[in-house]
Amino acid sequence: MLFILASYLLGTILTAALVAKVKGVKLHEKNSGNLGARNAGRTLGKSAFVIVAIGDGLKGLVVVLSGRLIDLPEPTIGIAVIAVVLGHLYPFWNKGKGGKGVATVIGAMLAFSPVVFLMFLAGFLISMLIMKSATLGMVGGFVVYGIAITAYLEAGIIVFIALVLVIWKQRHSIKERVMPNVLE
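Thresholds, definitions, all that
Residues numbered from 1 in each chain as written. Predicted model: local features only at pLDDT ≥ 70, side-chain atom pairs only at ≥ 80, totals over all residues. Heavy atoms only, no water. Axes fitted to C-alpha atoms, helices over the stretch in contact; angles between N-to-C directions. Helix = DSSP H or I, 4+ residues; strand = E, 2+ residues; numbered from the N terminus. Parallel < 35°, antiparallel > 145°, perpendicular 65-115°, else oblique. Left-handed = near helix turned anticlockwise from the far one by under 90°. Contact = heavy atoms within 4.5 Å. Phe/Tyr/Trp six-rings, centres within 6.5 Å; stacked < 30°, edge-to-face > 60°. Core = buried A, V, L, I, M, F, W, Y, C linked by side-chain atoms within 4.5 Å. Buried < 20%, exposed > 50% of the residue type's maximum accessible area, 1.4 Å probe, protein only. Polar contact = N/O pair within 3.5 Å; in protein donor to acceptor, adjacent residues only side chain to side chain. 1 Å grid on protein atoms, 1.4 Å probe; cavity = no way out; pocket = protein on both sides within 12 Å on 5 of 7 lines; lining within 4 Å. Points joined across faces, edges and corners; volume = space filled by probe spheres on them. Nonpolar A, V, L, I, M, F, W, Y, C, P; charged D, E, K, R; others polar.

1. Comments concerning the packing of helix α5 (residues 74–89) against helix α6 (residues 102–112)
A pair of packed helices can be characterised by two numbers: the angle between their axes and the separation between those axes. Between α5 and α6, the shortest axis-to-axis distance is 9 Å and the interhelical angle comes to 160°. As summarised for this structure, α5 and α6 are arranged roughly antiparallel, according to the angle between their axes. Between α5 and α6 lies a crossing of right-handed hand. Of the residues in α6, those touching α5 at Glu74, Ile77, Gly78, Val81, Val84, Val85 and His88 are Thr104, Val105, Ala108 and Phe112.

Laid out in structure tokens, this is it:
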């Protein structure tokens, strides 16, 4: 239980908020207001995008690797991944307004299985080429990874839940890309 709580708390450390603070920018007031890599990149430039994506991705990676290091059962690590994602999505210190969790869950996906992660990349690239959208490509990659990891890993269904949380947080962006004229 302590590991799961620590994972949530790790998730609440928003790299975008730290980078924005260093730059003297109130990122939550700029563009989408989201405290993630995409908005950091739009507002602060490409280097901010890279720093935030890596920082947020490391959170998911650290949870999986540290859970394995202390020999926790895979289902417990899967629940900790949900916790780190929830911390990123809904940080207590910012009234539940965080990022969208993409980099955090991708870091966890890579740590769980680098081989299955390649399936995510393939699903992402194929979906992106077909749909001409990185957001929709990401959803396609998550679906491919989710199906593959469920068959591969004891905690696969738990990890799939983390993916669903991130997709749910992206729902407005997904709607904008699937039905752009309906929202006007």
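Next comes the rest of the description.
2. Thoughts on unusual backbone geometry
The phi angle at Asp71 is positive, at roughly 65°, despite the residue not being glycine. Inspection of the secondary structure assignment puts Asp71 in the loop between α4 (46–69) and α5.

3. Considering the packing of aromatic side chains
Within a pair of aromatic rings, the relevant descriptors are the distance that separates the centres and the angle that separates the planes. Under the counting rule described, the total for this entry stands at four aromatic pairs. When the ring of Phe120 is compared with that of Phe124, the centres are 6.2 Å apart and the planes differ by 25°; the resulting orientation is stacked. With Phe120 and Phe124 both in helix α7 (residues 114–131), this residue pair falls four residues apart, about one helical turn. An aromatic cluster of at least three residues, connected via ring pairs, comprises Phe117, Phe120, Phe124 and Phe142.

4. Focus: the nonpolar core
The biggest cluster of nonpolar side chains holds 35 residues, and the ones touching the most others in it are Val81, Val85, Val105, Met109, Phe112, Phe142 and Tyr145. Mapped onto this core, the elements with two or more residues apiece are α1 (2–11), α4, α5, α6, α7, α8 (134–152) and α9 (156–169). Among residues more than four places away in sequence, those in contact with Met109 are Phe117, Phe120, Phe142, Tyr145 and Leu163. Membership of the second largest hydrophobic core comes to 11 residues, among which are Leu14, Ala37, Ala40 and Leu44.

5. As for the side chain of Thr12
With respect to the element layout, Thr12 can be found in the loop between α1 and α2 (15–23). Side-chain polar atoms of Thr12 contact the backbone oxygen of Leu9, separated by 2.6 Å.

6. What about the side chain of Ser7?
Summarising the element assignment, Ser7 is placed in helix α1. Classification of Ser7 by relative accessible area gives buried; the value is 3%. Discounting residues that sit within four places of it in the chain, Ser7 has contacts with Val63, Ala80, Ala83 and Val84.

7. Considerations on the environment of Met138
Mapped onto the elements, Met138 comes out in helix α8. On the basis of relative accessibility, which here comes to 6%, the residue Met138 falls in the buried class. Along the primary structure Met138 and Leu86 are separated by 52 residues, whereas in three dimensions their C-alpha atoms are 19 Å apart. Each residue touching Met138, except ones within four places of it in the same chain, is listed here: Val102, Phe120, Phe124 and Gln170.

8. Observations regarding the layout of surface pockets
Where empty space is left in the structure can be found by rolling a water-sized probe over the atoms. Considered as a void within the structure, the largest pocket measures approximately 1,100 Å³ in volume. Around the largest pocket, the lining comprises 41 residues; the ones closest to its centre are Ala37, Arg38, Lys100, Val102 and Gln170. Breaking the lining of the largest pocket down by element, the ones donating at least two residues are α3 (37–44), α4, α6, α7, α8 and α10 (171–178). Of the residues contributing to the lining of the largest pocket, the split by class is 15 nonpolar, 17 polar and nine charged. Around the second largest pocket, the lining residues are Ala17, Ala20, Lys21, Val25, Lys26, Leu27, His28, Leu35, Trp93 and Asn94. Across the lining of the second largest pocket, the residue classes break down as six nonpolar, two polar and two charged.

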